[in-house]
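Listed here are the chains, written in short residue letters.
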Amino acid sequence: MRKHGISKTVALGSVIAIIIIVVAVALITLNMSRQEQPTPTLTPTPTPTPTLTPTPTVRWPEKLLGGGATFVNPLMQKWAYEFQREKGLFGIDYQSIGSGQGIAKLKEQAVDFAASDAPLKRSDWEALKSVRGGVIQIPVTIGSVVAIFNIPGVDELKFTQEVLLKIFDGSIKKWNDPQIVELNPQLSNLDKDIIVVYRADRSGTTFIWTSFLEKVSKGKFPSDLSFKLPDEEADKTRFIGAKGNEGVTEAVKNTQYSIGYVELSYAILGRLPHAAVQNKAGNFVKASTESVMEAVKSVVAHAKLPDPLDDWSGVSLVKLEPASPNAYPIVSFSYVMLYVENSPEKAAALREFLTWVYEKGQRYVADVPGYIPLPDNAVQIGLKGISYIKT
Amino acid sequence: MVAIRKSIFIFLGSFALFLALILPFYFFGELYGASEFFSKFSFLDFISGREWSLPEQKYGALQAIYGTIITAGLALLITTPISIAAAVAMSELLPEYLSERLGMIIDMIAAIPSVVVGLWGILSLGPFLSSTLYKFLIENLGFLPIFQAKTLLAYNKLTAALVLGYMITPFAVSVIKENLRLVPIEIKEAAYALGLTKWEVIRIMLSYIKPGIFAALMLALGRAIAEAVAVSMVIGNTCSFSVSLLEPACTLTTLIINNFAEATGTEAAALIGLGLVLFVISISTILVSRLVYNKLLGGYMR
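Numbering of residues begins from 1 in every chain and follows the order in which that chain's sequence is written. Both sets of labels track the order of writing: A upward for chains, 1 upward for ligands. At least 70 in pLDDT is required for a residue's local features to be given in this predicted model, at least 80 for side-chain atom pairs to be given and counted, and no such filter applies to totals for whole chains, interfaces and linings, which use all residues. Excluded from the side-chain calculations are hydrogens and water; all other atoms, namely the structure's heavy atoms, are used.

**Digging into the overall build of chain B**
(1) Moving on: Across its full length, chain B carries 13 helices and two strands.
(2) Moving on: C-alpha atoms of chain B, sized along the principal axes, occupy 70 × 60 × 35 Å.
(3) Moving on: Should any heavy atoms of two residues lie within 4.5 Å, those residues are counted as being in contact. Restricting the contact set of chain B to residue pairs at least 6 apart, pairs at least 24 apart contribute 75%.
(4) Moving on: Note that accessible areas follow from Shrake-Rupley with a 1.4 Å probe, and for residues the cover is restricted to the protein chains shown. Here chain B displays about 15,700 Å² of accessible surface, and carbon together with sulfur accounts for 72% of that area. Secondary structure elements follow DSSP: runs of H or I no shorter than four residues count as helices, runs of E no shorter than two count as strands, and numbering proceeds from the N terminus.

Structure, rendered in structure tokens:
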């Protein structure tokens, strides 16, 4: 009796397993044939815009391989898709493996280009200077980090940079601290501890945020991919770490009287209020497409940024503080990095794709919520960088 | 026919042998990655280091060890009475059709991916507990150091332990249930023949399968120690030695899973070191439980 039951379940289980395998195989073959289809239909028709292709007889590689920052991933996927749809020349395979891994892959020459939230370290830049003509670093998009908060009934908060530093290094402990109330009188009766939500995983977002805190603290707060917790045990327990921008957004949403930092897009998607921060000109500005673009424009116009072939390690938009009165101060470039010398096919493909990104691709940025197109003067840096690509 | 069956068994059995052979390789692999670690740290300093802070280049594993022991221990504490009670209820007290369905549901819990359990912890369990149970604990039992907390947090050691307890209970339940089924019918019949009540019989049965219960709980504990994804989502990830269960902590696994993707050089080596500590803890759990199990078993052989 029992034996029969067992063999029945075994039979049922194997039937289910076989069905799953068959379906999976069918899906894969279907997918593969679908992927292969567009290439033959598109390649025979020569591209109608010969001005963009340097030589009409150029041979395109099958695909360009990129890897790195997770922050630029949604944008990169959008670009890859639109580029392929528009031109159909070759595919872009971007893997979001994290900035550090992206740079490591670039060093191993395992990718054609890398993307990173931070420029190459000086030591890395020096080491790679003599490899394949050196590394071109060009800003490709802008990240901006905002302070999101959850205080019932409060939608607007204003912070000076000093106060923001003190909240995140743990020295301001309560919402009704005089330094906060001075700017935000509506909090005067809020006798609650501030719960700070930070990124527990190493990330570019934390790097931008801590660079900002480092600047405000005149170097006392360390800028790193990990967030530094306060030393006092009693302060530490007010800090909770969450994973990823999504995790921080959820944790702030679910914790009353908390404050955290995320990329602007997550604040918008998560519908959480974010604070206005005082800029160099003394105005309290909230992050928005305009204020962030204004900040980058202002920095590029006034600060002397290095050449794409030079060392960018000292460049930090946060530290070069935008002077414009309407600029949001906590912004940063995300970079694309590639070698100067490439094989003829790869060089042509990189030139083609990146030029497209800077010229046409910027139009698609607004379609991806929370991402912000580069201002014109930053696009020029990118185009200059592309002109260095050699075979 | 017999030959075919035999060869199938031998074929499958060789897989188990293969696994047994992998273990030493795993050891070497671990040591290979760890050579980087040993070249940069002294193991004793590492495990007795009181502070873990990557921005300040402080690599001490003690806080993470503390977090691992507290959360896994607490999860075990939660799961022990629940799983024993559930197993007894299912095998002895409930009518068969009910216990069969209940067993199926509990087995299903074991099949939920840990990331889904973690999401559930973040989105519903944590916020719910913080507005009900944790609030009650802080207000009424706040005089106990373990329930002292200045602020109400949804993500803390207790949430992590509850999520872990939820995840490991199905394993303990099904093993204990199987053990109860294996109690010889003669023992039960003899007990009833002596005029014992149902409860007394259950007590005899439980003491008969003591080694089995112990093994089941150790299996669950091993899983609790090794669990990473779900815990990292609900524990709050702030390394500290705070005694309060309502304050955040970090564990060996959460530090590794949070930091490894973006770690290079010394940080990566330190994370490998954490893996090594975890390995030592799991191996010693297995060895100790093996010893105790044999001792328990020996008591019955005599």
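**Quick look at the environment of B:Thr251**
All names here are of chain B.
(1) Moving on: Among the structural elements, Thr251 can be located in the loop between helix H11 (229-234) and helix H12 (252-259).
(2) Moving on: A 1.4 Å probe rolled over the protein chains alone gives each residue an accessible area, and that area as a share of the maximum for its type sets the label: buried under 20%, exposed over 50%, partly exposed in between. Take Thr251: its relative accessible area is 3%, and that puts it in the buried class.
(3) Moving on: Taking C-alpha positions, Thr251 is 8.3 Å from Ile69, a pair spaced 182 residues apart along the chain.
(4) Moving on: Discounting chain neighbours no more than four positions away, the residues touching Thr251 are Ala64, Gly67, Thr68, Thr71, Val231 and Ile235.

**Describing the state of the cysteines**
Residues and elements named next belong to chain B.
(1) Moving on: Throughout, a disulfide means two cysteine sulfur atoms within 2.5 Å of one another. Inspection of the entire model under this criterion finds one disulfide over all chains.
(2) Moving on: Disulfide pairing is shown between Cys239 and Cys250; the S-S distance is 2.0 Å. The sign of the 110° torsion about the S-S bond sets the Cys239-Cys250 disulfide as right-handed. Residue Cys239 is located in the loop between H11 and H12, and its partner Cys250 is located in the loop between H11 and H12; the two are separated by eleven residues in the primary sequence.
(3) Moving on: Classification of Cys239 as buried rests on a relative accessible area of 5%.

**As for the interface of chain A and chain B**
(1) Moving on: Residue-level contacts link 33 residues of chain A with 32 residues of chain B.
(2) Moving on: Overall, the association of chain A and chain B removes approximately 2,600 Å² of surface from exposure, summing both partners, and the carbon and sulfur fraction of that is 51%.
(3) Moving on: Criterion for a salt bridge: a side-chain nitrogen of Lys or Arg within 4 Å of a carboxyl oxygen of Asp or Glu. Viewed at the interface, chain B and chain A are joined by three salt bridges.
(4) Moving on: The salt bridge involving A:Arg202 is made with B:Glu267; its shortest N-O contact spans 3.0 Å.
(5) Moving on: As used in this structure description, the phrase polar contact means that two N or O atoms lie within 3.5 Å; if the pair is within protein, one of them must be able to donate a hydrogen and the other to accept it, and residues adjacent in sequence are counted only when both atoms belong to side chains. Seen at the junction of chain A and chain B, the total is eleven residue pairs in polar contact (both at pLDDT 80 or more).
(6) Moving on: Breaking the side of chain A that touches chain B down by element, the ones donating at least two residues are helix H4 (99-107), strand S6 (195-199), helix H9 (233-236), strand S7 (239-242) and helix H10 (244-254) of chain A. In this description, buried area is defined as the sum, over both parts, of the accessible area (probe of 1.4 Å) that is lost when the two are combined.

**Observations regarding helix H14 (residues 376-386) of chain A**
Residue and element names in this part refer to chain A.
(1) Moving on: Along H14, the residues that are buried comprise Ala378, Val379, Ile381, Gly382, Gly385 and Ile386. Buried residues of H14 fall within an arc of 150° about the axis and therefore sit on the same side.
(2) Moving on: Taken together, the buried residues of H14 touch strand S4 (135-150), helix H12 (289-302), strand S11 (331-339) and helix H13 (344-365). To be clear, the arc concerns the directions from the helix axis to the C-beta atoms.

**Notes on the nonpolar core**
Note on soluble globular proteins: their nonpolar side chains tend to be buried together.
(1) Moving on: To define a nonpolar core, start from buried Ala, Val, Leu, Ile, Met, Phe, Trp, Tyr and Cys residues and group those joined through side-chain atoms within 4.5 Å. In this structure, A:Trp175 and A:Phe353 are the most contacted members of the largest nonpolar core, which totals 191 residues.
(2) Moving on: A domain-level breakdown of this core finds at least three residues from each of domain 1 (63-143 + 299-316 + 332-387) and domain 2 (145-294) of chain A. Domain ranges listed in this record stem from an automatic or a database domain assignment.

**Considering the domain arrangement of chain A**
All names here are of chain A.
(1) Moving on: Domain parsing of chain A yields domain 1 (63-143 + 299-316 + 332-387) and domain 2 (145-294).
(2) Moving on: Domain 1 and domain 2 are separated by 29 Å when their C-alpha centres are compared.
(3) Moving on: Domain 1 puts 13 residues into the contact, and the matching count from domain 2 is 14 residues.
(4) Moving on: Taking both sides of the interface into account, the surface hidden between domain 1 and domain 2 amounts to around 1,100 Å²; carbon and sulfur atoms contribute 75%.
(5) Moving on: By the criterion of area lost to domain 2, the three top residues of domain 1 are Asp117, Gly370 and Ile372, representing 35% of everything that side buries.
(6) Moving on: Counting every contact that joins domain 1 to domain 2 gives zero salt bridges.
(7) Moving on: Here domain 1 is connected to domain 2 by zero residue pairs in polar contact (both at pLDDT 80 or more).
(8) Moving on: Note on residue categories: nonpolar means Ala, Val, Leu, Ile, Met, Phe, Trp, Tyr, Cys or Pro, charged means Asp, Glu, Lys or Arg, and polar means any other residue, Gly included. Tallied by class, residues from the side of domain 1 that touches domain 2 come to eight nonpolar, four polar and one charged.

**Re the sheet that holds strand S9 (residues 276-278) of chain A**
Residue and element names in this part refer to chain A.
(1) Moving on: For two strands to count as paired, DSSP must find a minimum of two bridges between them. Here three strands make up an open sheet; going across it, the order is S5-S9-S10 and the pairing mixed. The sheet is open, and its two edges are formed by strand S5 (158-159) and strand S10 (284-285), each paired on a single side.
(2) Moving on: Bridge count between S5 and S9: two bridges; the pairing is parallel. Bridge pairing links Lys158 to Ala276 in S9.

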